[in-house]
Amino acid sequence: MKNKMKNKKAQEEMVGFGFIVIIVAVVLIVFLSIAFNNSDNDTLDSFKVESFLQATLAQTTDCNNGIKYLTIKELIFACSKPTICQDGRISCNVLNEYLGDISELSWNTQSGSSTLGYKLNITKNGEPLIEGFYVGNMTRTYLGASQEITKSGDNFLIEFKAYS
Amino acid sequence: MVILKKIFPQYRQAQLKIQQMAFVLLAITLFFVLAGMFALMFLTSGLKNSATALEEKNALLIVTKLANSPEFSCGGAYGSDRVNCVDADKVMVLSQKMDIYSEFWGLKDIEVRKVYPEESLVICTFSNYPNCNSIKIKSSTDNNISGKYLENFVTLCKKKQENGVVYDNCDIAKLLVSYNEK
């Protein structure tokens, strides 16, 4: 009688253990299937930010120095002196205007967009050349690119960060 | 068996102990299998992320390759060799010869769209060029590029003339490509 009861208890324990194993296995399978089917649609890439920076620097502006229309890159050098355009505008103001407009049109920070904000900084020998652009939310996740240009001993650094 | 149990009453207890040990061994094995599966899952999820990142980079590289291919690139026409520079005049001509190139890149749609300055969308034709901002090089539909598409920033350059002086004019643009999903 005592042995029979012991046997029954052992059997019950085994059944319980079996159930636990089955439940754990099912949970694991569900977890694995979710983990493998979760596709990441984040299309942002620092490669794109790099291309943006390159294309921005090559943008021709309407600031003529009397010889030619300056590109953004040339406008940065002009701003560091600073010089004025043929029509009387200050090169730094033109640079600010162009950079603000281009960034705004290139990076959509409205709700529903993968980009939540962006930051653009230009420094000359470590000192800010113009007031930086800080738009939207600056999160911890970002993709960035920078371009370093040296001219006449001055070191210019253009940095762009897109936050997602 | 029954005789054995009758002769040795401890035989039944030993059998139970063996059974218990077998289950414990089974539990330990299962535990290690599950732990191994978890470890494997974390490893493979890392690999999957790397693969996704690589795939995205490759996709963007296709756009870059396209921008730097001889049919699109500025070459040396705009001073020093530029990267990601698209010659607007070249692609405009190319858009008219697309029936020859239709299968060359294996892409469904190819379009170059100016980002700056902001204007309402005007599709380029030979009658309105250069007063337009979107060159449809290859187009499967008359509508705007839609569905699964990739884009990258490029410099769209062309020669302009003012008071008899020819100068280079470059604008920031997006090169958009769409492809048939497999």
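Here the structure is shown first, and the text comes after it.
Calculation criteria
Position labels on residues start from 1 in each chain and follow its written sequence. Chain A is the first chain written and ligand 1 is the first ligand written, with later ones labelled in order. Only residues with pLDDT of at least 70 are given local features in this predicted model, and only at 80 or more are side-chain atom pairs given and counted; all residues enter the totals for whole chains, interfaces and linings. Counting from the N terminus, the helices are the DSSP runs of H or I reaching at least four residues and the strands are the DSSP runs of E reaching at least two. Any residue with 12 or fewer other C-beta atoms within 10 Å of its own C-beta is exposed, any with 20 or more is buried, and the rest are partly exposed; the C-beta atoms used are placed from the backbone. Whether two residues are in contact is decided by their C-beta atoms, placed from the backbone, lying within 7 Å. When residues are grouped by polarity, Ala, Val, Leu, Ile, Met, Phe, Trp, Tyr, Cys and Pro land in nonpolar, Asp, Glu, Lys and Arg in charged, and all others, Gly among them, in polar. Being paired, for any two strands, means DSSP has found at least two bridges between them. Lines fitted to C-alpha atoms define the axes, with helix axes restricted to the stretch in contact, and inter-axis angles between N-to-C directions lie between 0 and 180 degrees. Expected span of a helix, by definition, is 1.5 Å for each gap between consecutive residues, and there is one gap fewer than residues. Regarding the arc, it is the one traced by the directions from the helix axis to the C-beta atoms. Core membership is restricted to buried Ala, Val, Leu, Ile, Met, Phe, Trp, Tyr and Cys residues, and these are joined into a nonpolar core through C-beta atoms within 7 Å.

Draft legend 1. Structural detail: the overall build of chain A. For chain A, the count of helices and strands is four helices and seven strands. Beginning at the N terminus, the succession of helices and strands in chain A can be written as α-α-β-β-α-α-β-β-β-β-β.

Draft legend 2. Up close: the overall build of chain B. Scanning chain B from N- to C-terminus turns up four helices and five strands. Traced from its N-terminal end to its C-terminal end, chain B shows the element sequence α-α-β-α-α-β-β-β-β. Among the 182 residues that make up chain B, the fraction classed as buried is 24%. Here the analysis covers contacts within chain B between residues at least 6 apart in sequence; of these, 61% occur between residues at least 24 apart.

Draft legend 3. Here's a closer look at the interface of chain B and chain A. Each side of the interface is counted separately: chain B has 29 residues, and chain A has 29 residues. Those elements that place two or more of their residues in the side of chain B that touches chain A are helix H2 (10–67), strand E4 (149–162) and strand E5 (165–178) of chain B. The class makeup of the residues in the side of chain B that touches chain A is 16 nonpolar, six polar and seven charged.

Draft legend 4. Just the sheet that holds E5(B), in detail. Taken together, five strands build an open sheet; the order of strands is E1-E4-E5-E2-E3 (chain B) and the sheet is mixed. Single-partner strands in this sheet number two, and they are strand E1 (85–87) and strand E3 (134–138) of chain B. Each strand axis lies, on average, 35 degrees off the axis of its neighbour in the sheet, ignoring direction. With three bridges joining them, E1(B) and E4(B) adopt parallel strand pairing. Bridge pairing in E4(B) places B:Cys85 opposite B:Thr155. With respect to the sheet, helix H2 (residues 46–58) of chain A is in contact with E4 and E5 of chain B, its orientation differing from that of E4(B) by roughly 10 degrees.

Draft legend 5. Here's a closer look at unusual backbone geometry. The omega torsion across A:Lys81 and A:Pro82 is -10 degrees, close enough to zero to call that bond cis. For A:Pro82, the location among the structural elements is in the loop between helix H3 (72–80) and helix H4 (91–106). Residue B:Pro130 is bonded to the preceding B:Tyr129 through a cis peptide linkage, with omega at 10 degrees. If you trace the backbone, B:Pro130 turns up in the loop between strand E2 (109–114) and E3. Look at A:Asn125: it is not a glycine, yet its phi comes out positive at around 50 degrees.

Draft legend 6. Fine view of H4(A). Residues and elements named next belong to chain A. Here H4 contains 16 residues, and its C-alpha end-to-end distance of 22 Å stays within 8% of the 22 Å for a straight helix at 1.5 Å per residue. Within H4 the residues assigned to the buried category are Ser91, Cys92, Val94, Leu95, Tyr98, Leu99, Ile102, Ser103 and Ser106. Taken end-on, H4 shows its buried residues confined to a sector of 155 degrees, consistent with a single buried face.

Draft legend 7. Here's a closer look at the nonpolar core. Counting 56 residues, the largest nonpolar core has A:Leu75, A:Leu95, B:Val86, B:Val154 and B:Leu175 as the members making the most contacts within it. Setting aside anything within four residues of it in sequence, one finds A:Leu75 in contact with A:Thr61, A:Cys63, A:Leu70, A:Ser91, A:Val94 and A:Leu95.

Draft legend 8. View of H2(A). Residue and element names in this part refer to chain A. For H2, which comprises 13 residues, the first-to-last C-alpha distance of 19 Å matches the rise-based estimate of 18 Å (1.5 Å per residue) to within 8%. Most of H2 sits out of view: 10 of its 13 residues are buried. By the burial criterion, the buried members of H2 are Lys48, Val49, Glu50, Ser51, Phe52, Leu53, Gln54, Ala55, Thr56 and Ala58.

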